[in-house]
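Commentary on secondary and tertiary structure
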Amino acid sequence: MAANQGRAEDRSARGIRAARRTLMYIVRVMLLLVVGALVCVLAFLTAERMSNLYILVTEGMSLRAEYILTDGVEMSELEEYFLLTHLSEDEALTADAYANYSVSSYDYDLTIEGISVLPWTATGTVTAVETVTVRGSYDSEKLGEGETQADHPLPSWPSRRYRIRFVNTGSRWYIAELEVVEENPAVEPLRTPDPNSTPLPMATPTPTPTATPLSLVVS
């Protein structure tokens, strides 16, 4: 009878150990699932924020250049991308460097080098290189006596590497600061496509009639 009781206790102990192992396995699986889900959510939120910053910085910086070079942009349009405090401190917006020039065209390029943002922060940073090629001339109506357009060369727009800082106000992201990291970094200049360099379509050669087959020659 004591032996039967001992075997029963052994079976009970083995059952408890098996239940414990099963419970620990379930807990580990649940933890892995929770961690995996959390990683996926954080990755999605990070990708979404990076996408937002990419779109806002490309559109906002391009609009800033258009405001400086042309008369087709209102300050209210820039307020959709930049904080008001930054707009009031941006010297390029008030310098009027191209006010006396007729800008015929320009090429704009912003190369994004890196985006740094976390899902739980209200700030973000974008590193980018801005390259602008401006074409135009001095306004002839503003030339003084004896002056020519050659006396007023078109100001160049230097290439710059920026560290662009964003803040999230709760409703959306805004550019809060443009920090110049490097003046005239080594970049490939923008090139305008040359239509003359486009290869012309080749004409299809016309087949030349062959000589009369020997089998048809009458002797």
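Below or above, wherever it landed, is the structure these notes cover. (Residues numbered from 1 in each chain as written. Predicted model: local features only at pLDDT ≥ 70, side-chain atom pairs only at ≥ 80, totals over all residues. Heavy atoms only, no water.)

A separate point is a positive patch on the surface. A grouping of Arg-14, Arg-17, Arg-20 and Arg-21 is seen on the molecular surface, where their side chains present a positively charged patch. Here Arg-14 lies in helix H1 (residues 2–69). (Patch = residues over 30% accessible without salt bridge, like charges linked within 9 Å, V, L, I, M, F, W, Y side chains within 5 Å. Areas by Shrake-Rupley, 256 points an atom, 1.4 Å probe, with all protein chains shown as cover. Salt bridge = Lys/Arg side-chain N within 4 Å of Asp/Glu carboxyl O. Lys, Arg positive; Asp, Glu negative; His and termini not counted. Charge placed at Lys NZ, Arg CZ, Asp CG, Glu CD. Helix = DSSP H or I, 4+ residues; strand = E, 2+ residues; numbered from the N terminus.)

Taken in spatial order, the four strands line up as E1-E2-E3-E4 in an open sheet, and their pairing is antiparallel. Either end of the sheet is taken by a strand with one partner, and the two such strands are strand E1 (101–117) and strand E4 (173–183). For this sheet the average axis-to-axis angle between neighbouring strands, irrespective of direction, equals 30°. The pairing of E1 with strand E2 (residues 123–138) spans 15 bridges and is classified as antiparallel. Bridge pairing links Ser-105 to Arg-135 in E2. (Pairing = 2+ DSSP bridges. Axes fitted to C-alpha atoms, helices over the stretch in contact; angles between N-to-C directions.)

Let's shift gears to the side chain of His-152. Assignment of secondary structure puts His-152 in the loop between E2 and strand E3 (160–168). Of note is the side chain of His-152, whose polar atom sits 3.2 Å from the side chain of Glu-147. Among all residues touching His-152, those that are not within four sequence positions of it are Tyr-101, Tyr-138, Leu-143 and Glu-147. (Polar contact = N/O pair within 3.5 Å; in protein donor to acceptor, adjacent residues only side chain to side chain. Contact = heavy atoms within 4.5 Å.)

The tally for this structure, following the rule as stated, stands at nine salt bridges. Across the pair Arg-160 and Glu-183 runs a salt bridge whose closest N-O atoms are separated by 3.1 Å. On the criterion of sequence distance, the pair formed by Arg-160 in strand E3 and Glu-183 in strand E4 is long-range, its members being 23 residues apart. Looking at Arg-160, the relative accessible area reads 21%, which means it is partly exposed. For the salt bridge of Arg-163 with Glu-179, the shortest nitrogen-to-oxygen distance reads 3.3 Å. Of this pair, Arg-163 sits in strand E3 while Glu-179 sits in strand E4, and the two are 16 residues apart along the sequence. Among the residues examined, Arg-163 registers a relative accessible area of 30% and is labelled partly exposed. For Glu-179, a relative accessible area of 27% puts it in the partly exposed group. One connected set of salt bridges, linked through shared partners, spans Arg-163, Arg-165, Glu-177 and Glu-179. (Buried < 20%, exposed > 50% of the residue type's maximum accessible area, 1.4 Å probe, protein only.)

A contiguous nonpolar surface patch, about 700 Å² in accessible area, is contributed by Leu-38, Val-41, Leu-42, Phe-44, Leu-45, Leu-118 and Trp-120. If you trace the backbone, Leu-42 turns up in helix H1. When its relative accessible area of 30% is taken as the criterion, Leu-42 is described as partly exposed.

Another aspect to go through is the environment of Ser-156. Here Ser-156 lies in the loop between E2 and E3. With 23 residues separating them in the primary sequence, Ser-156 and Thr-133 have C-alpha atoms 7.6 Å apart.

Glancing now at the nonpolar core. Note that soluble globular proteins tend to have their nonpolar side chains buried in a common cluster. If you look at the biggest cluster of nonpolar residues, it comprises 28 residues, and the most contacted ones within it are Val-57, Met-61, Phe-82, Trp-157, Ile-164 and Phe-166. Sorting the residues of this core by element identifies H1, E1, E2, E3 and E4 as the ones contributing at least two each. Ranked by residue count, the leading element in this core is H1, at eight residues. With residues up to four places along the chain from it excluded, the contact list for Trp-157 reads Arg-64, Ala-65, Ile-68, Leu-69, Tyr-98, Glu-130, Val-132 and Val-134. (Core = buried A, V, L, I, M, F, W, Y, C linked by side-chain atoms within 4.5 Å.)

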